[in-house]
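The primary structure of each chain is shown beneath.
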Amino acid sequence: MGEWRGAAGIVLVGAVLGVAYNYLGLNSRPAFGIAWIRQPVEVTTFEAAAGSEPQAVADDPLAAALGAGAPEIPDLPRPIQVQLVTAKQLFDAQAALFVDARDPDEFEAGHVPGSLNLPFDVVVTDPARLEALPAAGRPIVVYCGGGSCETSINLAQELLNVGHRRVTFFLGGFPEWQGNGYPVSTGAGEAS
Amino acid sequence: MRTGVVRVAQWIVGGVFVLAALAKIGGLDAFALQVHNFRMMPMALENLVAMTFPWIELVAGLSMILGIRPRSGAFVAAAMMAAFVVTVAVAMARGLDIECGCFGTADATRVGVSKLLQNLGLLGISLVASGRRPEA
C-alpha cells in the first residue's frame with residue numbers, strides 16, 4: 001500500500017509545482033505561463049460586424065458593375081468569421097490575402113489559388129513568419145480543413161497578435177470551397 | 001520479476017517522462033492548445049491540466065531515475081499512460097486530425113496508430129517498472 005501513498009504524493013507534489021511555476025511565471029517579467037482558465041477565442045461574425053453599416057454591395061448594380069463588389073471588412077481587434085459567399089466575393093475582387101493553415105501536403109494537394117501556406121503547427125512557434133505575411137493592407141482570410149477545424153480561428157488570432165489587421169476566417173474551409181466548385185490550385189506553388 | 005529488469009524499465013520510463021515533461025514545460029502555450037484540441041474535457045479545466053500534468057510527469061520521471069520511491073513513480077506513470085492510451089484512442093475514433101502533444105511541440109507526430117502503439121508499449125514498460133508480478 002506504500003506505493004499508493006507514494007503515488008498520491010507524487011501527483012500532489014507535481015500538481016503543486018505546476019501551479020506554483022505558472023503563478024511565478026504570470027507574476028514575473030517578462031511573464032510566461034498560461035491563464036488559469038482557458039478563454040474561448042472571441043470572434044465576431046462579419047454579418048454582425050457589418051450590421052450597423054449600409055450594405056451597398058448587394059443591391060447596388062452600378063457599384064457592382066464598377067467592380068466595387070468586395071465586401072468592406074471592418075477593423076476589429078478580434079478575428080471575424082465570414083461565410084463562404086463573403087470569402088468568394090473577396091476572392092473574385094482579389095481584395096484579400098488568403099492564408100491556408102493546413103499542413104504542406106494538404107496544401108499541395110489543393111488550395112485556394114493565390115493563397116499562402118502557413119501551417120499552424122509550424123508558425124505558432126515562429127512569429128517572424130507571421131509578421132512577414134505580405135498582406136499589404138488587404139484583409140486576410142484564413143481557412144483550414146473545414147468541419148470543426150479551429151485552427152483557422154487560432155491562426156487568425158495569432159495574426160492579429162503580431163499586428164495584422166482585418167483578419168477573417170471561414171470555418172467551412174477548403175472542403176466547402178472545393179465542394180462549391182470554386183477554383184483550386186495544386187502544388188507547393190506560393191510557399192511563404 | 002528480477003530487480004535488474006525492473007530497474008532498467010524504471011530508467012527507460014523515467015527518461016522518457018522527464019524529456020516529455022521538459023518539452024511541455026518549455027512550451028506551455030502550445031501544449032495548452034494541444035490539450036484543447038483533444039476536446040476531452042470542459043474548457044475551464046484544460047489549462048489546469050496543461051500546467052500540472054507536465055510537472056507530475058517530471059516528478060514521477062525523476063523518482064524513477066533517482067530511485068526515490070521508484071515504484072510509486074512507475075504507478076503514476078502507468079496510470080498516466082493508460083489515460084493517454086484512452087485519450088489517443090478516443091481522438092482517433094472521433095477522427096480528429098491533431099498533434100499528439102506528447103512531447104510538446106518537439107514532436108509533431110499526429111495522433112494515430114503508431115502513437116497508440118507507442119503509448120501501449122510505454123504502458124507495458126511502466127507496469128514492469130512498477131515491479132508487480134503479472135498475476136498480482
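This section reports on the structure supplied with the text. (Residues numbered from 1 in each chain as written. Chains lettered and ligands numbered in written order. Predicted model: local features only at pLDDT ≥ 70, side-chain atom pairs only at ≥ 80, totals over all residues. Heavy atoms only, no water.)

### A closer look at the overall build of chain A
The number of helices and strands found in chain A is nine helices and six strands. The 192 residues of chain A split such that 39% are buried. By element, 57% of the accessible surface of chain A is carried by carbon and sulfur atoms, the whole surface being about 9700 Å². (Helix = DSSP H or I, 4+ residues; strand = E, 2+ residues; numbered from the N terminus. Buried < 20%, exposed > 50% of the residue type's maximum accessible area, 1.4 Å probe, protein only. Areas by Shrake-Rupley, 256 points an atom, 1.4 Å probe, with all protein chains shown as cover.)

### Side note on the overall build of chain B
Counting its secondary structure elements, chain B contains five helices and one strand. Counting from the amino terminus, chain B carries its helices and strands in the arrangement α-α-α-α-β-α. In chain B, which comprises 136 residues, the share counted as buried stands at 51%. By sequence separation, contacts in chain B at least 24 residues apart represent 71% of the contacts at least 6 residues apart. Total accessible area computed for chain B in this model is approximately 6000 Å², and 70% of it derives from carbon and sulfur atoms. (Contact = heavy atoms within 4.5 Å.)

### Looking at the environment of His36 of chain B
Residue placement: His36 of chain B occurs in helix H2 (residues 28–38). Sequence separation between His36 of chain B and Asn47 of chain B is 11 residues, and the spatial gap between their C-alpha atoms is 8.3 Å. In this structure His36 of chain B touches Arg38 and Glu150 of chain A together with Met43 and Glu46 of chain B, once residues within four positions along its chain are discounted.

### Overview of the pairing of strand S3 (residues 97–100) of chain A
All names here are of chain A. Residue alternation in S3 divides its side chains into two sets, Leu97 and Val99 and Phe98 and Asp100, and both sets are buried. Both S3 and strand S5 (residues 140–143) contribute to a ladder of four bridges, which runs parallel. Bridge pairing in S5 links Phe98 to Val141. When S3 meets strand S4 (residues 116–117), the two strands line up parallel, connected through two bridges. For Asp100, the partnering residue across the bridge sits in S4 and is Asn117. Taking the sense of rotation as the criterion, the β-α-β connection linking S3, helix H5 (residues 104–109) and S4 turns out right-handed. (Pairing = 2+ DSSP bridges. Right-handed = clockwise from strand over helix to strand, strands pointing away.)

### A look at the packing of helix H3 (residues 43–66) of chain B against helix H4 (residues 70–93) of chain B
All names here are of chain B. Where H3 meets H4, the axes come as close as 8 Å, and the angle between the chain directions of the two elements is 140°. Classed by the angle they form, the pair H3 and H4 counts as oblique. As H3 runs across H4, the sense of the crossing is left-handed. Where H3 abuts H4, its residues Phe53, Ile56, Glu57, Ala60, Ser63 and Met64 lie against Pro70, Gly73, Ala74, Val76, Ala77, Met80 and Phe84. (Axes fitted to C-alpha atoms, helices over the stretch in contact; angles between N-to-C directions. Parallel < 35°, antiparallel > 145°, perpendicular 65-115°, else oblique. Left-handed = near helix turned anticlockwise from the far one by under 90°.)

### Some thoughts on the pattern of salt bridges
A pair can form between side chains of opposite charge whenever their charged atoms are brought close. Residue and element names in this part refer to chain A. The final tally for this structure, using the stated rule, is seven salt bridges over all chains. Asp75 is paired through a salt bridge with Arg165; the nearest N and O atoms lie 2.6 Å apart. A residue pair is termed long-range when its members are at least 10 positions apart, and Asp75 in the loop between helix H3 (61–65) and strand S2 (80–81) and Arg165 in the loop between helix H8 (151–161) and strand S6 (167–170) qualify at 90 residues. When its relative accessible area of 40% is taken as the criterion, Asp75 is described as partly exposed. Across the salt bridge formed by Asp92 and Lys88, the nearest N and O atoms sit 3.0 Å from each other. Of the two residues, Asp92 and Lys88 are both situated in helix H4 (residues 84–92); the distance of four residues between them amounts to about one turn of the helix. (Salt bridge = Lys/Arg side-chain N within 4 Å of Asp/Glu carboxyl O.)

### Points about the state of the cysteines
Residues and elements named next belong to chain B. Scanning all chains against the criterion turns up one disulfide over all chains. A disulfide bridge connects Cys100 with Cys102, and the sulfur atoms are separated by 1.6 Å. For the pair shown, Cys100 and Cys102 are each scored as buried. (Disulfide = S-S within 2.5 Å.)

### Thoughts on the sheet that holds S5 of chain A
Hydrogen bonds along the backbone pair up the strands of a sheet, which may run parallel or antiparallel. Residue and element names in this part refer to chain A. One open sheet accounts for six strands, arranged S1-S2-S6-S5-S3-S4; its pairing is parallel. The sheet is open, and its two borders are formed by strand S1 (44–45) and S4, each paired with just one other strand. Two strands pair when backbone bridges link them, and S5 and S6 are joined in this way by four bridges, in the parallel orientation. Within S6, the position partnered with Val141 by the bridge is Thr168.

### Comments concerning unusual backbone geometry
Comment: phi is negative for the bulk of residues other than glycine, and the bulk of peptide bonds are trans. Residues and elements named next belong to chain A. With an omega of -5°, the peptide bond running from Arg29 to Pro30 counts as cis. Backbone geometry at Gln94 places phi at a positive 50°, although glycine is not the residue there. Mapped onto the fold, Gln94 is located in the loop between H4 and S3. The exposure class of Gln94 is exposed, given its relative accessible area of 67%.

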